[in-house]
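For reference, the chains in residue letters:
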Amino acid sequence: MLLQTCIAPVNIALIKYWGKRDEALILPINDSLSMTLSTDQMCAKTTAAVGSDFKENKMWLNGEEVQFEDNCRTVKCLDEIKRIAQLQGTAKFPLDWKLHICSENNFPTAAGLASSAAGYACLVYTLAKLYGVQNEELSKIARLGSGSACRSIYGGFVQWIKGEDENGNDSIAVQIENEEHWPNMHVLILVVNDNRKKVGSTKGMQRSVLTSDLLKYRADVVVPKRIFEIKNAIKEKNFEKFAEITMKDSNQFHACCLDSYPPCVYMNDVSHAIIDFVHKYNEMVGEVRIAYTFDAGPNACLYLLQENVADVLLAIKKFFPNDNDGSVEYLKGIPIDLKNKKDENIFNCESKPIGRNFFKYIIHTKIGNGPKSLIEEESLLNEVGLPKSFNP
Ligand code: PMV
């Protein structure tokens, strides 16, 4: 048996991808740009193994066996890896050997946090290591799993170039800056209590492409300008500019969702309360210290610099008090030393709390690097190729 185990990061878009020009190849109507989050707090982990005695392809996802052949996007990624391995003659075993794949996320998938991006990036990266496929091809293959997954192939700031080719050959992700460039870029993810079922991203995008005039204007006119501007803001580490573009782009993405017919509603009242809070906070401190962005759900992703994390958390505690505050379950991720706060004045102001128990929990994380291989001991599969978690 030969095996590989790897981890891959989550990425959160600053300039959103929304809308496909080709459904099968997952080709977008506009470029997008994201920041990769550290795998220390959130990542997907995958082990892929091949063996001469494996009878069939098998796959386990978050502890449960899933049907391999039915999972069309996984098969597409695997076929592409095998095709390239054949072409390059890189595999150290016969290509018809069956495969066992075991994959887990170390963060709750129920939180609706970009789990498919990390998952498909990890699958493709792990298979590439196993079959000996070169890295340059990987973002294209990850794209076939889930569009946003192509950006999780790199760390730091990543642009997904939409490309022009009909076959998708130039629709690839490229790294703009690595994670060392702006190392004090931190993130607070506010996971919002919400049980409402949302329109999935595939369906939502189709609906927007068919019915939203605003989306067309966004893709043709607004996004190219914003990509140019945010790349400059990142290069110059201009947080204020970075924050303004990020917030405007999140707002426009959700405006396009509402402009679709019937409308796709992803944010809820708590999301809007967070938006109000961020603008008020920035105004109160007299500079832009927080930027929000929302994907296709109500959870907020707040970007902020490390030196402001303690102050912002104190403000969140004041305006959004929570009965679970103080428990390790409520504040996850990088520990925050509240003694590091800078501004006393904001917390002495008169303002009343906005709402109680609005969040399930908060994750504190930061910018991070791309996927990486782990040592054999980290494998999710045992010596006969079955999930270790199934053992007593
Ligand atoms: O890759 P998908 O199909 O999960 O779509 C992701 C869409 C957004 O998260 C809303 C935006 C983005 O660019 O990640």
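Just so we're clear, the structure is a prediction, and the values are computed from it rather than from any experiment.

Criteria and thresholds
- Residues numbered from 1 in each chain as written.
- Predicted model: local features only at pLDDT ≥ 70, side-chain atom pairs only at ≥ 80, totals over all residues.
- Heavy atoms only, no water.
- Core = buried A, V, L, I, M, F, W, Y, C linked by side-chain atoms within 4.5 Å.
- Buried < 20%, exposed > 50% of the residue type's maximum accessible area, 1.4 Å probe, protein only.
- Helix = DSSP H or I, 4+ residues; strand = E, 2+ residues; numbered from the N terminus.
- Domains from an automatic or database assignment.
- Contact = heavy atoms within 4.5 Å.
- Near = heavy atom within 4 Å.
- Polar contact = N/O pair within 3.5 Å; in protein donor to acceptor, adjacent residues only side chain to side chain.
- Areas by Shrake-Rupley, 256 points an atom, 1.4 Å probe, with all protein chains shown as cover.
- Nonpolar A, V, L, I, M, F, W, Y, C, P; charged D, E, K, R; others polar.
- Axes fitted to C-alpha atoms, helices over the stretch in contact; angles between N-to-C directions.
- Parallel < 35°, antiparallel > 145°, perpendicular 65-115°, else oblique.
- Left-handed = near helix turned anticlockwise from the far one by under 90°.
- Buried area = accessible area lost by both parts, 1.4 Å probe.
- Salt bridge = Lys/Arg side-chain N within 4 Å of Asp/Glu carboxyl O.

Details of the nonpolar core
- Core analysis: the biggest nonpolar cluster contains 97 residues, and Tyr131, Phe242 and Ile274 have the highest contact counts within it.
- For this core, the element with the most residues is helix 2 (residues 115-131), which contributes eleven residues.
- Shared between two domains, this core takes at least three residues from each, and those domains are domain 1 (2-178 + 371-378) and domain 2 (185-366).
- Phe242 has contacts with Leu14, Phe157, Trp182, Met185, Ile230, Ala233, Ile234 and Tyr303, leaving out every residue within four places of it along the chain.
- Core analysis: the second largest hydrophobic core is formed by 14 residues, Cys150, Cys256, Cys264 and Tyr266 among them.

As for the site of the ligand
- If you check the shell around the ligand, you find 14 residues, and the closest are Tyr17, Ser146, Ser148, Arg151 and Ser201.
- Tyr17 is positioned such that a nitrogen or oxygen atom in its backbone is 2.9 Å from an oxygen atom of the ligand.
- Taking 380 Å² as the accessible area of the ligand by itself, protein coverage stands at 90%.
- Here the residues of the shell around the ligand are counted per class, giving six nonpolar, five polar and three charged.
- In terms of domain composition, the shell around the ligand takes at least three residues from each of domain 1 (2-178 + 371-378) and domain 2 (185-366).

Things to note about the packing of helix 1 (residues 72-88) against helix 3 (residues 138-145)
- As a packed pair, helix 1 and helix 3 sit with axes 7 Å apart at the nearest point and diverge in direction by 155°. Compared by their axis directions, helix 1 and helix 3 come out roughly antiparallel. Here the hand of the crossing between helix 1 and helix 3 comes out right-handed. Counting all contacts with helix 1, which are made through Arg73, Lys76, Cys77, Glu80, Ile81 and Ile84, the residues of helix 3 involved are Leu138, Ile141, Leu144 and Gly145.

Description of the domain arrangement of the protein chain
- What the domain assignment reports for the protein chain is domain 1 (2-178 + 371-378) and domain 2 (185-366).
- Relative placement of domain 1 and domain 2: their C-alpha centres are 27 Å apart.
- Together, the buried faces of domain 1 and domain 2 total about 3000 Å²; carbon and sulfur atoms form 71% of this surface.
- For the pair domain 1 and domain 2, the interface holds one salt bridge.
- Across the pair Asp295 and Lys16 runs a salt bridge, and its minimum N-O distance is 2.6 Å.
- At the junction of domain 1 and domain 2, the tally comes to ten residue pairs in polar contact (both at pLDDT 80 or more).
- Listing elements by their share of the side of domain 1 that touches domain 2, those giving two or more residues are strand 2 (11-15), strand 5 (32-36), strand 10 (157-160) and strand 11 (173-177).
- Class assignment of the residues belonging to the side of domain 1 that touches domain 2 gives a composition of 16 nonpolar, eight polar and six charged.

Section: the side chain of Ser152
- Tracing the chain through its elements places Ser152 in the loop between helix 3 and strand 10.
- On the accessibility criterion, Ser152 (0% relative accessible area) is buried.
- Setting aside its immediate chain neighbours within four residues, Ser152 contacts Pro9, Val10, Asn11, Ala117, Ala118, Ala121 and Pro371.

Concerning the packing of helix 7 (residues 269-285) against helix 8 (residues 309-319)
- The geometry of helix 7 relative to helix 8 is characterised by a closest axis approach of 12 Å and an angle of 125° between their N-to-C directions. By the angle class used here, helix 7 and helix 8 are oblique. Crossing angle aside, the handedness with which helix 7 passes helix 8 is right-handed. Contacts from Phe277, Tyr281 and Met284 in helix 7 reach Asp311, Val312, Ala315, Ile316 and Phe319 in helix 8.

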